[in-house]
Amino acid sequence: MAGQERAVHLLRQLQRASCRCPAHSHGFSQAPDGTSCGKTTDYAFEMACSNIRYGQGVTKEVGMDLQNLGARNVCLMTDKNLARLPPVKAVFNSLAKHGVSFKFYDKVRVEPTDTSFKEAIDFAKRGQFDAYVAVGGGSVIDTCKAANLYACNPKADFLDYVNAPIGKGKPVTDVLKPFIAVPTTAGTGSETTGVAIFDFESLKAKTGIASRAIKPTLGMVDPLHSLHMPQRVAANSGFDVLCHALESYTALPYNMRSPCPPNPIYRPAYQGSNPISDVWSKHALNIVAKYMKRAVRNADDLEARSSMHLASVFAGIGFGNAGVHLCHGMSYPIAGLVKTYRAKDYNVNHPLVPHGLSVVLTSPAVFTFTGSMCPERHLEAAEILGTNVRNAKREDAGLILADTLRKFLFDLNVDDGLSAVGYTKEDIPALVKGTIPQERVTKLAPRPQTEEDLSSLFEASMKLY
Ligand SMILES: NC(=O)c1ccc[n+]([C@@H]2O[C@H](COP(=O)([O-])OP(=O)(O)OC[C@H]3O[C@@H](n4cnc5c(N)ncnc54)[C@H](O)[C@@H]3O)[C@@H](O)[C@H]2O)c1
Ligand SMILES: [Zn+2]
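How each quantity is defined
- Residues numbered from 1 in each chain as written.
- Chains lettered and ligands numbered in written order.
- Predicted model: local features only at pLDDT ≥ 70, side-chain atom pairs only at ≥ 80, totals over all residues.
- UniProt positions renumbered as here; feature names shortened; annotations may be inferred.
- Helix = DSSP H or I, 4+ residues; strand = E, 2+ residues; numbered from the N terminus.
- Buried ≥ 20, exposed ≤ 12 C-beta atoms within 10 Å, placed from the backbone.
- Domains from an automatic or database assignment.
- Contact = placed C-beta atoms within 7 Å.
- Nonpolar A, V, L, I, M, F, W, Y, C, P; charged D, E, K, R; others polar.
- Pairing = 2+ DSSP bridges.
- Right-handed = clockwise from strand over helix to strand, strands pointing away.
- Near = placed C-beta within 6 Å.
- Axes fitted to C-alpha atoms, helices over the stretch in contact; angles between N-to-C directions.
- Parallel < 35°, antiparallel > 145°, perpendicular 65-115°, else oblique.
- Left-handed = near helix turned anticlockwise from the far one by under 90°.

Going by what an unreviewed UniProt entry lists, the chain is known as Hydroxyacid-oxoacid transhydrogenase, mitochondrial and is assigned to Acipenser oxyrinchus oxyrinchus. Among the UniProt annotations of the chain, the heading Subcellular location (unreviewed entry) holds the following wording: "Mitochondrion".

If you want it as structure tokens, here you go:
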């Protein structure tokens, strides 16, 4: 559907489905012709993305990059597991070859917390580094973003830059130190984004820092690293790519998001779907459809694993500017309230619902719920993922995408819903409570939600098959 027609359709749907809860009403004031009335909704969007370099074996260049930057005191971050694996060795070799001096930090927590962020920040403050390198998945890259941010703003309080309403959400005005991110999962797209996510322990839910200023200077994407991912890491990080693509493609359009920022510095990184993000998100979805099953099932399939590594970059550029919505908003308490679930193939000593799994488990319920707001996009996504939608009715769009996703998840041996990762109906009020502060993303859902709606979405996600 053309952009204007889609906006009119969404407005009509929203009038019907409008939420009575003041916290979630969008207060649309856009004229039905799709032009901004200039009062509360935005009228512009902006694309930001790290520089990206892609190539087999490209990690060998990192030492030269640091030399070119004139870096004399580099902070190299990773996690304990990766510290002994080939991706980190490749970086060590390049730094040694080019005589770059560095300090090594391998205490990144897999799925970081405010405490683990602060430990890394202290290390960075003490080290007075002039450049940063992160080798790892989203956990490592996000931790390194926070370390760079607070080491460059040593007087800032930790909550200053954390997303409101949990933190103060202050804009970052300083230029940070050069930062090279070497992603080792095909998942978060963190090498492209200005987002750093952590588990806020006292809230038992995730939140984060979102500012274009913290995005890496360079994302060095070396597909050889993706060959080392164990099967469930490849699966779960691939589901993250899938949801980044689906959520950003179905997010509220940028010109229906409010408020319109009074100064561009306040325009959020997550702006709503827009014509440029759409291209990246849709392309990522096509790659997921073509390669994800192969990439999960066969670690030696270089073509499939490399393609997924690129898809995570594409989806990162898409969602990093458009944002994500309900699967992610609801995933933060699913991850934060974990009880005893231990994820297969994750070499960690704490209970964990991996990010990609926490996101994808609600996806059938979420897209059933949002289907009526932009049915064409839901049908298009289902078609890309392999469903024949030729005779499909628009009113069935959400259900059709949900069924497509269920089949996709079943084929990849995903646990049967939230109940399989340890949740029961009794946990739903706490899960809802943990979702409410995630309005930065939940407000980007194309359909507003009441607390009852969230409750129903969690309930519908208890079992998938
Ligand atoms: N910044 C963003 O834009 C963004 C987006 C989505 C998710 N996230 C966050 O990123 C984190 C999840 O990151 P992730 O899914 O990339 O995984 P991860 O960084 O948490 O790593 C998962 C596990 O896989 C291991 N691993 C990673 N790469 C490997 C490789 N090549 N070979 C062998 N083992 C490997 C790690 O050691 C770890 O044990 C979560 O905290 C999530 O909230 C951030
Ligand atoms: Zn994600």
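Alright, that's what it looks like, and here's the rest.
Here we come to unusual backbone geometry. Note that the residue after Ala164, namely Pro165, is joined by a cis bond; omega there is 5 degrees. Mapped onto the fold, Pro165 is located in the loop between α5 (138-152) and β5 (179-183). Cis geometry marks the peptide bond from Ser258 to Pro259, where omega comes out at 5 degrees. Look at Gln128: it is not a glycine, yet its phi comes out positive at around 50 degrees. Looking at the secondary structure, you find Gln128 in the loop between α4 (114-127) and β4 (131-136). Given 10 C-beta atoms within a 10 Å radius, Gln128 is considered exposed. One non-glycine residue, Asn413, lies in the positive phi region at around 55 degrees.

Attention shifts here to the domain arrangement of the chain. Domain parsing of the chain yields domain 1 (3-45 + 232-460) and domain 2 (51-228). On a C-alpha basis, the centroid separation for the pair domain 1 and domain 2 is 25 Å. At the interface, 42 residues of domain 1 touch 35 residues of domain 2. When contributions to the side of domain 1 that touches domain 2 are tallied by element, the ones reaching two or more residues are α6 (231-250), α8 (302-322), α9 (326-336) and α10 (355-360). Ranked by the residues each element gives to the side of domain 1 that touches domain 2, the list is headed by α8, at 14 residues. Tallied by class, the residues present in the side of domain 1 that touches domain 2 amount to 25 nonpolar, 13 polar and four charged.

Taken across its ten residues, helix α12 (residues 375-384) has seven buried, putting it largely inside the fold. Buried residues of α12: Pro375, Arg377, His378, Leu379, Ala381, Ala382 and Ile384, and no others. Those residues of α12 that are buried lie in contact with α6, α7 (275-297), α11 (363-370) and α13 (397-411). Looking one or two residues past α12, Gly386 carries a phi angle of roughly 110 degrees, positive in sign.

On to the pairing of strand β3 (residues 102-108). Judged from the five bridges that link them, strand β2 (residues 74-79) and β3 form a sheet pairing that is parallel. Across the sheet, Val74 pairs through a bridge with Phe102, a residue of β3. Between the parallel pair β2 and β3, the chain is carried across by helix α3 (residues 86-97), and the sense of this crossover is right-handed.

Attention now moves to the site of ligand 1. In the vicinity of ligand 1 there are 36 residues, among which Asn81, Gly137, Gly138, Ser139 and His228 approach most closely. Listing elements by their share of the shell around ligand 1, those giving two or more residues are α5, β6 (195-200), α6 and α10. Per-element tally for the shell around ligand 1: the top contributor is α5, with four residues. Taken together, the residues that form the shell around ligand 1 break down as 13 nonpolar, 18 polar and five charged.

Now for the sheet that holds β5. Strand order in this open sheet of six strands is β1-β8-β5-β4-β2-β3, and the pairing throughout is parallel. The open sheet has two edge strands, β1 (51-54) and β3, and neither has a second partner. Taking each pair of neighbouring strands and ignoring which way they run, the sheet shows an average axis angle of 20 degrees. Sheet analysis places β2 next to β4, joined by four bridges and oriented parallel. Note on β4: the bridge partner recorded for Leu76 is Val133. In the packing of α3 onto the sheet, the strands contacted are β2, β3, β4 and β5, and the crossing angle to β4 comes to about 150 degrees. Against the sheet, α4 engages β2 and β3, with an angle of about 170 degrees to β3.

With that out of the way, let us pick up the UniProt feature "domain: Alcohol dehydrogenase iron-type/glycerol dehydrogenase GldA" (unreviewed entry) in the chain. Annotation from UniProt places "domain: Alcohol dehydrogenase iron-type/glycerol dehydrogenase GldA" (unreviewed entry) at residues 51-223. With 28% helix and 25% strand, residues 51-223 has end C-alpha atoms that lie 16 Å from one another.

Turning our eyes to something else, we now look at α11. The element α11 is largely enclosed, with a buried count of eight among its eight residues. Those residues of α11 not exposed but buried are Ser363, Pro364, Ala365, Val366, Phe367, Thr368, Phe369 and Thr370. Packing partners of the buried residues in α11 comprise α6, α9, α10, α12, α13 and α16 (451-460).

Taken N-terminus to C-terminus, the directions of α4 and α5 make an angle of 50 degrees; their axes are 8 Å apart at the nearest point. Here α4 lies oblique to α5, going by the angle between them. α4 and α5 meet at a crossing whose hand is right-handed. Between α4, through Ser116, Phe117, Ala120, Ile121, Phe123, Ala124 and Lys125, and α5, the contact on the second element is made entirely by Thr143, Ala146, Ala147, Asn148, Tyr150 and Ala151. Its residues assigned to classes, the contact of α4 with α5 comprises nine nonpolar, three polar and one charged.

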